[in-house]
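# Summary of the model geometry
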Amino acid sequence: MWVPPAWGLALVVTLLGWVPTPTVAQVPDSGTRVVILGTGNPNSDPDRWGPAVAVVVGGQAYLVDAGAGVVRRAAAAARIHDLPLTGIDLKRVFITHLHSDHTLGLPDLIFSPWVLGRLEPLEIYGPPGLERMTHHLLEAWREDIDMRLYGLEPQPYVDGYRAITHESRGGLIYEDEHVRVEAIPVAHGSWPYSFGYRFQTADRTIVISGDARPSRALIEACNGCDILVHEVYSSARFPSRSPEWKTYHSSFHTSTDELAEIATAARPGLLLMYHQLFWGDSDEDLEGQVRAAGYAGRVLSARDLEIY
Ligand SMILES: [Zn+2]
Ligand SMILES: [Zn+2]
């Protein structure tokens with residue numbers, strides 16, 4: 001079959017006056033992609049599902065966090081972006097911390113892909129306490145596991161429901177031929193262990209904050225990285241919160257004003273806000289606040305199912 005050379009295609013495109021529309025951001029033709037599966041938080045916004053991000057490289061998916069609905073969100077991203085994010089592709093996840101909004105999708109991630117035909121156990125990486133949580137999840141669904149294994153349901157995938165946990169206190173936590181993953185200990189209120197993650201691939205460095213108040217460790221982990229995916233709350237709306245909630249937010253999370261300082265020091269190619277607390281603000285409002293607070297780099301407030 002004859003395939004037109006790239007310059008020929010470019011000529012046709014130019015003659016027809018058709019310009020391809022990028023999907024939100026300029027996505028490289030090949031190489032590492034960051035897919036925002038969910039930008040939400042405990043608020044039940046139907047447009048923002050539980051926090052989960054996928055780094056996709058070398059035909060493999062590396063998930064960060066398992067918010068509510070993660071398997072269906074990944075399936076939606078697989079359909080839109082033609083990436084390996086269907087159930088059986090979900091083989092490993094890096095959990096930032098054990099807050100429920102970041103882990104409600106963990107049983108979904110353990111069990112749903114198994115029924116869909118995942119052959120191998122789910123590998124779960126995260127902080128101390130993860131093993132206990134996973135053990136109890138497997139126990140909670142014990143009746144289901146037994147029914148699927150020994151009932152009438154055809155079930156040749158006998159290992160697919162298992163979960164292998166890898167607890168860490170930070171540092172290099174995972175490495176294969178496509179990626180090195182470091183767990184970055186961050187400050188998140190009174191949590192003894194909460195991580196951001198740094199992904200180093202052949203073409204990109206990506207840092208994902210998880211939940212964190214301003215953390216020097218994240219600035220150092222990024223240090224000119226390609227994308228810094230960072231949580232945030234609205235500085236403009238913060239004064240409307242009650243004194244108790246103000247104390248909580250400033251101890252556990254990062255404001256748009258603080259994020260401007262972090263990003264100025266960290267110098268990412270793109271600052272991507274997620275897990276946003278808007279309190280009535282819009283994506284554009286948050287972007288404007290970060291710029292107004294002095295950040296001169298590129299900043300976007302992410303929406304679910306975007307790709308970067
Ligand atoms: Zn949290
Ligand atoms: Zn959270």
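I will try to describe carefully the structure that is included in this document. Because the structure is predicted, anything quoted here is derived from the model rather than measured.

Each value, and the rule that gives it
Residues numbered from 1 in each chain as written. Chains lettered and ligands numbered in written order. Predicted model: local features only at pLDDT ≥ 70, side-chain atom pairs only at ≥ 80, totals over all residues. Heavy atoms only, no water. Helix = DSSP H or I, 4+ residues; strand = E, 2+ residues; numbered from the N terminus. Buried < 20%, exposed > 50% of the residue type's maximum accessible area, 1.4 Å probe, protein only. Contact = heavy atoms within 4.5 Å. Areas by Shrake-Rupley, 256 points an atom, 1.4 Å probe, with all protein chains shown as cover. Donors = N, O, S within 2.8 Å, 3.2 Å for Na, K, Ca; no water. Tetrahedral: all angles 85-135°; square planar, octahedral: opposite > 155°, others 65-115°. Pairing = 2+ DSSP bridges. Axes fitted to C-alpha atoms, helices over the stretch in contact; angles between N-to-C directions. Parallel < 35°, antiparallel > 145°, perpendicular 65-115°, else oblique. Left-handed = near helix turned anticlockwise from the far one by under 90°. Nonpolar A, V, L, I, M, F, W, Y, C, P; charged D, E, K, R; others polar.

A few words now on the overall build of the protein chain. Regarding its fold elements, the protein chain presents 10 helices and 13 strands. The buried share among the 308 residues of the protein chain stands at 50%. Considering only contacts within the protein chain whose residues lie at least 6 apart along the sequence, 67% involve residues at least 24 apart. Accessible surface for the protein chain amounts to roughly 14300 Å². Of this, 55% is attributable to carbon and sulfur atoms.

Only H97 (NE2), H99 (ND1), H188 (NE2) and D211 (OD) from the protein reach the zinc ion (ligand 1) as donors, at distances of 2.0 to 2.3 Å. What the 4 donor atoms of the zinc ion (ligand 1) show is an angle range of 97 to 150 degrees at the metal, which sorts the shape as irregular. Site description for the zinc ion (ligand 1): donor spacing in sequence, H-x1-H-x88-H-x22-D.

Ordered by their spatial adjacency, 6 strands build an open sheet running 1-2-3-4-5-6, and the pairing between neighbours is mixed. In this open sheet, the two strands that pair with only one neighbour each are strand 1 (33-38) and strand 6 (163-167). On average, each strand axis in the sheet is inclined to that of its neighbour by 25 degrees, with strand direction left out of account. The sheet contact formed by strand 4 (residues 92-94) and strand 5 (residues 122-126) spans 3 bridges and is parallel. Along strand 5, the bridge assignment pairs R92 with E123. Strands in contact with helix 4 (residues 106-116) are strand 3 (60-64), strand 4, strand 5 and strand 6; relative to strand 5, the strand with the most contacts, it is inclined by about 165 degrees.

What follows concerns the coordination of the zinc ion (ligand 2). Taken together, the protein donors to the zinc ion (ligand 2) comprise D101 (OD), H102 (NE2), D211 (OD) and H275 (NE2), at separations of 2.1 to 2.5 Å. One way to put it: the 4 donor atoms around the zinc ion (ligand 2) meet at angles of 88 to 159 degrees, and that makes the site irregular. Metal-to-metal, the separation of the zinc ion (ligand 2) and the zinc ion (ligand 1) is 3.5 Å; D211 coordinates the two. Taken as a pair, H102 in helix 3 (residues 100-103) and H275 in strand 12 (residues 270-277) lie far apart in primary sequence, 173 residues in all.

A separate point is the packing of helix 9 (residues 256-266) against helix 10 (residues 283-292). Viewed as axis vectors pointing N to C, helix 9 and helix 10 meet at an angle of 55 degrees, and their least axial separation amounts to 8 Å. With respect to helix 10, the axis of helix 9 lies oblique. As helix 9 runs across helix 10, the sense of the crossing is right-handed. On the side of helix 9, the interface is formed by T256, D257 and A260, while helix 10 contributes L286, Q289 and V290. Here the contact of helix 9 with helix 10 is built from residues that sort into 3 nonpolar, 2 polar and 1 charged.

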